[in-house]
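Here is what each chain is made of, one letter per residue.
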Amino acid sequence: MTDAIIELTNLHKYYGKLHALRGLNLTVRPGEVFGFLGPNGAGKTTTIRCMLDLIRPNRGTIKIMGFNPQQAPQRVKARVGYLPGDLAMEGDFTPRKFLRHLRKLRKDTRSWEELLELAGRLDLSLDQKIETLSQGNRQKVGLLSCFIGRVPLMMLDEPTLGLDPLMQQEVLNIIREEADQGTTIFFSSHILSEVQKIADRVGIIRQGALVEIAQTDDLINRALTRASVQFAEPVPEDSFGHLANIKILRINDEQRTFTLEIAGEMDGLIKTLAQFPVRDLAIHRPSLEEVFLKYYKDDQGEE
Amino acid sequence: MLTLFSRKLYKNGLMILGWGLGLALLGYFLFDIYESMFGMNIDLQQMLAAFPEEMLAFFGGDVDIFDPAGFIHLEFFSYIQVILGIVAVSGATSLIVKKEEEGSLELILAQPVSRSTVFWSQLAALILTLVLILVITWGGFALGLASTDSFDLDQGQLVHPFISLFAVLLLFLSLALLLSMILPTSGAASMVSNLVIIASFFITSLAQIDDRLEGLNRFSPMRYYQGGRALSGLNIGHLLILLGVSLAFLLLAWLLFEKRDLRFSGTGWLRVAIRRKGDSF
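Once a new chain begins, its residue numbering starts again from 1 and follows that chain's sequence as written. Chains carry letters from A onward and ligands carry numbers from 1 onward, assigned in written order. With pLDDT at 70 or above as the cut-off, local features in this predicted model cover only qualifying residues; side-chain atom pairs require 80 or more to be listed or tallied, and sums for whole chains, interfaces and linings still use all residues.

Novice: Break down the overall build of chain A for me, with residues and values.
Specialist: Counting its regular elements, chain A contains 10 helices and 13 strands. Neighbour counting defines burial: a residue surrounded by 20 or more other C-beta atoms within 10 Å of its own C-beta is buried, one with 12 or fewer is exposed, and intermediate counts give partly exposed, using backbone-placed C-beta atoms. Across the 303 residues that make up chain A, the buried fraction comes to 36%. Residue pairs at least 24 apart in sequence account for 69% of intrachain contacts in chain A once pairs closer than 6 positions are excluded. Numbering of helices and strands starts at the N terminus; helices are DSSP runs of H or I of at least 4 residues and strands are runs of E of at least 2. Working definition of a contact: two residues with C-beta atoms, positioned from the backbone, lying within 7 Å.

Given below as structure tokens:
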């Protein structure tokens, strides 16, 4: 028995000659919100589909709550709520009939009242045919479908796709609340700000392999901080030379404005700045987006 | 299983009523048409004699239009297997693969239902759809037969050509389903299956006047379809051939669906899931 709720080991998947997953290793712990990051085509959706036995890996092993999806697909699927990235539903259903239809396919389901409450929070009309709904409203139906079963794990592929900013926030709130109840959330996204908001840990996938996995905060803190300092009078360039963790990126305005990159502690910088008349100081902490882009810029550089 | 089955059957409701009632009306009025044509016996015989042999071959060739059984074959069972065959092909290629292409199958298969459940429930609903169309059509024929004294047939005999029709439709359905599992798209599977229907119709029809086609005709499903000829006795051997081949095609289609990846855009084509050395599944 393993403690991991998701355990992927050396996962390989080929689409003809395309090597979509290249030895992917990943572990997700129970109860965490795990953000799976990567641009289109990196292998996020392929990974999720392998975990649900919709497609089969060519090599490697998958364990979801201890079950191999290829050997016990029903056991896995009974424990997982899934939102596909390319969501499609039969258009002649209304959301109400569609959700009832899916509800009949599961055993341990939430009450209809709970689903109605969620539909209310998502501002979703349940009695219009799905084929007439906007993309955003279809996405809401898809999201509701994940909440039909009482499941310990939700796999959400781009959960806020097509939603307006207010509704994106509401969906993130719902996901966070679900996680607070103990549900493990595995979600893929390329909207990094939303991952940063709710993910406890993130994994970055590049060309079918995991290149980074860390606590979201650690990943951001590990990255370099930038500072822009504006002095009241010109400052000698070598004033920061004694600080090993400081790199000068730019000097403008006749040596009055410095753009600096700081690795680690800020103490030395603050003490040095105190020796000069500082007019303005702006500290810029990198977002997850910048961390993420760094990996991909490095990748393009390699190519 | 029942949820998916009843959903599919519900979706086919209009198709059942439309085809069933339409064909039932046609069947009912065929008996009236026969009675009115019977009076023009001599003129019709002269007219038919003027038709080329090749053309007559397409409408039964050896059957006698003035015989009630021959008339029913000529006016209905000689062509309906082509029309309903195309309907069966359309239903079969939409059954699984079209849903994969549209993407709606992904969310269904993410629920705790097996691929086998999806496959057999959808298939059972489609087969029942065909059966119901044929039963309603037979009802029209039965009412027509009850309303006339000109036909020396009983209601039990009238069931035989429908059994033969069902068997050949099942074969076309199962062929289309199998091809949809192998060919790249549901459209390609429809096209090839419909070509098989048309080619089979031509081969079996022309084989009646050209012996050189007999070798090829052995592989033509239409050869084993009796149509109106079954009114004078059902050929159990032919029936079993059609049902047996259908069953083999269905089992093969099911196995392929079980083994292969679900199709999504960009996953390539003509790729049957074959277990390779080192594969984990």
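Novice: Give me the lowdown on the overall build of chain B, citing residues and values where you can.
Specialist: The number of helices and strands found in chain B is 13 helices and 0 strands. Walking chain B from its N terminus toward its C terminus, one meets helices and strands in the order α-α-α-α-α-α-α-α-α-α-α-α-α. The proportion of buried residues among the 281 residues of chain B is 42%. Partitioning the intrachain contacts of chain B with sequence separation of at least 6 by distance along the chain shows that 75% fall at a separation of at least 24.

Novice: Account for the sheet that holds strand S1 (residues 6-15) of chain A, with residues named and values stated.
Specialist: All names here are of chain A. In this description, strands pair whenever DSSP reports at least two bridges between them. One open sheet accounts for 3 strands, arranged S2-S1-S4; its pairing is antiparallel. Edge positions in the open sheet fall to strand S2 (18-28) and strand S4 (59-64), since each of these has one partner strand only. Ignoring strand direction, the axes of neighbouring strands in this sheet form an average angle of 25 degrees. All axes here are fitted lines through C-alpha atoms, helices being fitted over the stretch that makes contact, and every angle between N-to-C directions spans 0 to 180 degrees.

Novice: So what's going on with the domain arrangement of chain A? Residues and values would help.
Specialist: Domain annotation of chain A identifies domain 1 (6-219) and domain 2 (224-285). Domain segmentation is taken from an automatic or database assignment of domains. Centre-to-centre separation of domain 1 of chain A and domain 2 of chain A, based on C-alpha positions: 44 Å.

Novice: Account for the sheet that holds strand S10 (residues 225-231) of chain A, naming residues and giving values.
Specialist: Residues and elements named next belong to chain A. With respect to topology, 4 strands assemble into an open sheet ordered S11-S12-S10-S13, the strand pairing being antiparallel. With partners counted over all chains shown, the strands left at the sheet margins are strand S11 (246-252) and strand S13 (278-284), one partner each. Strand-to-strand twist across the sheet, computed as the mean angle between neighbouring axes with direction ignored, equals 20 degrees. In this sheet, strand S12 (residues 257-262) lies alongside S11 in antiparallel orientation, the contact comprising 6 bridges.

Novice: Describe the environment of Arg218 of chain B, listing the residues and the values that go with them.
Specialist: Inspection of the secondary structure assignment puts Arg218 of chain B in the loop between helix H12 (214-217) and helix H13 (236-259). Residues Arg218 of chain B and Leu25 of chain B, 193 residues apart in the sequence, show an inter-C-alpha distance of 34 Å.

Novice: Provide a residue-level description of the interface of chain A and chain B, including the pertinent values.
Specialist: The partner chain B presents 22 residues to the 28 residues of chain A that form the contact. Of all the secondary structure elements, the ones that give two or more residues to the side of chain A that touches chain B are S4, helix H2 (73-77) and helix H3 (95-104) of chain A. In terms of residue class, the side of chain A that touches chain B is built from 13 nonpolar, 8 polar and 7 charged. Three classes are used, and their members are as follows: Ala, Val, Leu, Ile, Met, Phe, Trp, Tyr, Cys and Pro are nonpolar, Asp, Glu, Lys and Arg are charged, and the others, Gly among them, are polar.

Novice: A description of unusual backbone geometry should follow, citing residues and the corresponding values.
Specialist: Residues and elements named next belong to chain A. Positive phi outside glycine occurs at Asp123, with the angle close to 55 degrees. When you line up the elements, Asp123 lands in the loop between helix H4 (112-121) and helix H5 (135-146). The class of Asp123 is exposed, set by 12 C-beta atoms lying within 10 Å. One non-glycine residue, Glu158, adopts positive backbone phi at about 55 degrees.

Novice: Explain the packing of helix H6 (residues 80-95) of chain B against helix H11 (residues 186-206) of chain B to me, and be specific about the residues and the numbers.
Specialist: Residues and elements named next belong to chain B. In contact at an axis separation of 9 Å, H6 and H11 are set at 160 degrees when each is read in the N-to-C sense. Classified by the interaxial angle, the pair formed by H6 and H11 is roughly antiparallel. Once H6 is placed against H11, the crossing between them reads as right-handed. Contact with H6, carried on its side by Val82, Gly85, Ile86, Val89, Ser90, Thr93 and Ser94, involves Ser186, Ala189, Ser190, Ser193, Asn194, Ile197 and Phe201 of H11 and no other residues of that element. Here the residues of the contact of H6 with H11 sort into 6 nonpolar, 8 polar and no charged. Roughly parallel here means an angle under 35 degrees, roughly antiparallel means over 145, roughly perpendicular means 65 to 115, and every remaining angle is called oblique. Crossing handedness is read from the near helix: turned anticlockwise from the far helix by less than a right angle, it gives a left-handed crossing, and turned clockwise, a right-handed one.

Novice: So what about the packing of helix H10 (residues 155-182) of chain B against H11 of chain B? Which residues, and what values?
Specialist: How two helices sit against one another is set out by the angle between their axes and by the gap between those axes. All names here are of chain B. Remark: H10 packs on H11, axes separated minimally by 8 Å, with the N-to-C direction vectors making an angle of 145 degrees. In the packing of H10 onto H11, the handedness of the crossing is right-handed. Residues Phe172, Leu175, Ala176, Leu179 and Ser180 of H10 lie in contact with H11, whose contacting residues are Ser186, Ala189, Ser190, Val192, Ser193, Val196 and Ile197. Each residue belonging to the contact of H10 with H11 can be placed in one class, and the counts come to 8 nonpolar, 4 polar and no charged.

Novice: How would you sum up the nonpolar core? Please name residues and give values.
Specialist: Working definition: the nonpolar core is a set of buried Ala, Val, Leu, Ile, Met, Phe, Trp, Tyr and Cys residues, joined through C-beta atoms within 7 Å. Met155 and Phe186 of chain A together with Leu169, Phe172, Leu173, Ala176 and Leu177 of chain B are the most contacted members of the largest nonpolar core, which has 133 residues in total. Looking at this core element by element, the count peaks at 15 residues for H10 of chain B. Once residues lying within four places of it in the same chain are set aside, the contact partners of Met155 of chain A are Ile48, Met51, Val80, Tyr82 and Phe186 of chain A.

Novice: Can you explain the environment of Thr9 of chain A? Please cite residues and give values.
Specialist: All names here are of chain A. Here Thr9 shows up in strand S1. With 14 C-beta atoms packed within 10 Å, Thr9 lands in the partly exposed category. A C-alpha to C-alpha distance of 41 Å links Thr9 and Leu260, two positions 251 residues apart in sequence. Sequence-distant contacts of Thr9, that is, excluding residues within four places in its chain, are made with Asn25, Gly60 and Thr61.

Novice: Can you explain the environment of Ala253 of chain B? Please cite residues and give values.
Specialist: Residue and element names in this part refer to chain B. Structurally, Ala253 can be placed in helix H13. Exposure remark for Ala253: the 24 C-beta atoms within 10 Å place this residue in the buried category. When sequence neighbours within four positions are dropped, the list of residues in contact with Ala253 reads Ser174, Leu177, Leu178 and Met181.

Novice: Pulling in residues and values, what's your account of the confidence of the model for chain A?
Specialist: For chain A, the mean per-residue pLDDT works out to 89, and 96% of the residues sit at or above 70. Per-element averaging of pLDDT across chain A places helix H10 (residues 288-302) of chain A at the bottom with 64 and strand S5 (residues 80-83) of chain A at the top with 96. A score from 0 to 100, pLDDT tells how confident the predictor is in each residue.

Novice: So what about the pairing of S2 of chain A? Which residues, and what values?
Specialist: Residue and element names in this part refer to chain A. For S1 and S2, the ladder comprises 8 bridges, and the chain directions are antiparallel. Residue pairing across strands places Leu11 opposite Leu24, the latter belonging to S2. Counting the residues in the hairpin turn of S1 and S2 gives 2 residues, including Gly16, whose phi is positive at 65 degrees.

Novice: So what about the confidence of the model for chain B? Which residues, and what values?
Specialist: All names here are of chain B. Residues at a pLDDT of 70 or more form 85% of chain B, whose mean pLDDT is 86. Low pLDDT, under 50, characterises residues 266-281; the stretch is placed with 22 contacts to residues that sit more than four places away or in other chains. Note on the complex model: pTM 0.83, ipTM 0.79.

Novice: Any chance you could break down H3 of chain A for me, citing the residues and the numbers?
Specialist: The complete set of buried residues in H3 of chain A reads Pro95, Phe98, Leu99, His101 and Leu102 of chain A. What you see down the axis of H3 of chain A is that its buried residues fit within an arc of 155 degrees, all on one side. In this description, the arc belongs to the directions extending from the helix axis to the C-beta atoms.

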